[in-house]
Amino acid sequence: MGKTQTRKRVRGSLDPEVKSDRARARKVVARLKEIFPDAECSLAYENPMQLLIATILSAQCTDERVNMVTAELFKAYKTAEDFAGASLKELEAIIHSTGFFRNKAKNIKACCATLVEEYGGEVPASMDELVALDGVGRKTANVVMGNAFGIASGVVVDTHVGRISRRLALTTNQDPVKVERDLGDRVAKKDWVIFSHLLIRHGRATCTARSPDCPSCGLAKWCPSFEVG
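Throughout, a residue's number is its position along its own chain's written sequence, starting from 1. Totals for whole chains, interfaces and linings use every residue, but because this is a predicted model, local features are given only for residues with pLDDT of at least 70 and side-chain atom pairs only at 80 or more, for both listing and counting. Excluded from the side-chain calculations are hydrogens and water; all other atoms, namely the structure's heavy atoms, are used.

Novice: Go over the overall build of the chain with me, naming the residues and quoting the values.
Specialist: A run of H or I in DSSP becomes a helix once it reaches four residues, and a run of E becomes a strand once it reaches two; helices and strands are each numbered from the N terminus. Assigned secondary structure in the chain consists of eleven helices and two strands. In the chain, the succession of α and β elements from N to C terminus is β-α-α-α-α-α-α-α-α-α-α-α-β. Expressed along its principal axes, the backbone C-alpha trace of the chain runs to roughly 60 × 40 × 30 Å. Within the chain, the fraction of its 229 residues that count as buried is 45%. The criterion used for residue contact is that any of the two residues' heavy atoms lie within 4.5 Å. Considering only contacts within the chain whose residues lie at least 6 apart along the sequence, 63% involve residues at least 24 apart. Treating the 34 positive side-chain charges of the chain as one cloud and the 28 negative ones as another, the clouds have centres 10 Å apart. Exposure is judged per residue with a 1.4 Å probe applied to protein chains only, and the accessible area is read against the type maximum: over 50% gives exposed, under 20% gives buried, and values in between give partly exposed. The sign given to each residue is positive for Lys and Arg and negative for Asp and Glu; His and the chain ends receive no count. Here the site of a charge means NZ on Lys, CZ on Arg, CG on Asp, or CD on Glu.

Novice: Which residues make up the packing of aromatic side chains, and what values go with them?
Specialist: Put simply, two rings from Phe, Tyr or Trp (the six-membered ring, in Trp's case) pair if the centres are within 6.5 Å, and we call them stacked under 30 degrees between planes, edge-to-face over 60, tilted for the rest. Under the criterion given, the structure shown has two aromatic pairs. Relative to Phe-83, the ring of Phe-74 lies with its centre 6.5 Å away and its plane at 85°, an arrangement referred to as edge-to-face. For Phe-83, a relative accessible area of 0% gives the class buried. Ring centres of Tyr-77 and Phe-83 lie 5.1 Å apart, and the angle between their planes is 35°; on these two criteria the pair is classed as tilted. Across the pair, Phe-83 and Tyr-77 agree in class, each one buried. Joined through ring pairs, the aromatic side chains of Phe-74, Tyr-77 and Phe-83 make up one cluster.

Novice: Which residues make up the nonpolar core, and what are the values?
Specialist: Leu-52, Ile-53, Leu-73, Phe-83 and Leu-130 are the most contacted members of the largest nonpolar core, which totals 37 residues. Within the residue set of this core, elements represented by two or more residues are α2 (48–57), α3 (63–76), α4 (80–84), α5 (88–95), α6 (101–119), α7 (127–131) and α8 (138–148). Looking at this core, the element that brings in the most residues is α2, giving seven residues. Joining through side-chain atoms within 4.5 Å is the link that ties buried Ala, Val, Leu, Ile, Met, Phe, Trp, Tyr and Cys residues into a set, and such a set is a nonpolar core.

Novice: Describe in detail the layout of surface pockets, supporting the description with residues and values.
Specialist: Here a cavity denotes a set of grid points, spaced 1 Å apart and computed over the protein atoms alone, in which a 1.4 Å probe fits but from which it cannot get out, and a pocket denotes an open set meeting protein on both sides within 12 Å along at least five of seven lines; residues with an atom within 4 Å of a point are reported as lining. Grid points are joined across faces, edges and corners, and a volume is the space filled by probe spheres set on the points. Within this model, the largest pocket holds a volume of roughly 850 Å³. Lining the largest pocket are 36 residues, with Ser-58, Cys-61, Asp-63, Lys-139 and Asp-158 positioned closest to its centre. Elements represented by at least two residues in the lining of the largest pocket include exactly α2, α3, α6, α8, α9 (159–167) and α11 (192–205). Counted by class, the lining of the largest pocket contains eleven nonpolar, 15 polar and ten charged residues. Estimated volume of the second largest pocket: approximately 190 Å³. Lining the second largest pocket are 16 residues, and of these Arg-167, Cys-207, Pro-212, Cys-214 and Ser-225 sit closest to its centre. Taken together, the residues of the lining of the second largest pocket break down into ten nonpolar, three polar and three charged. Side-chain classes follow a simple rule in which Ala, Val, Leu, Ile, Met, Phe, Trp, Tyr, Cys and Pro form the nonpolar group, Asp, Glu, Lys and Arg form the charged group, and the remainder, Gly included, forms the polar group.

This is how it looks when you write it as structure tokens:
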């Protein structure tokens, strides 16, 4: 049998009414909001500290697994003081299944110790203060800022967001910081927080890493990477 032939859609065959990447990004966001009207952060949390810890645990781990772990974790440790005074071995035992558990436990304990010492046990609503905490980078800080505090500090860039943004030609970069910069320029600031949730849902449902379901994709009209068999 011969190879299945595919062709890549060229920019000229996209929606002719869309003249710029910013306009295309608006169309993409609007369509995804229609497809996933209930898109939101999939991590389970009740307060900013819980979201901060859950996001630290989510590195190289699925949100589903994190939620299973934090259901037990947040019963045992309820405040930053609890985490700061926790036994590393006990923390490691609970979060073991999230992967990289030793480093995550160390970061959570140190992060919460700083929250107690410098912020009265509360999570600061500042990008600069958040990224100074152990185990917290821009991705984690953006998750907390956007979802716990409702502050659009930037676009959360995970593997789904990076991959799909490149397929949509909203960026050509691999580095998450550069991808975030490109998306911040193309996506309206009012949509920065929801944008990552929408792309994550789309990445799980349709635009998967190994076999994107292009024929049934609701974004085909605006996607330069759209392919048909």
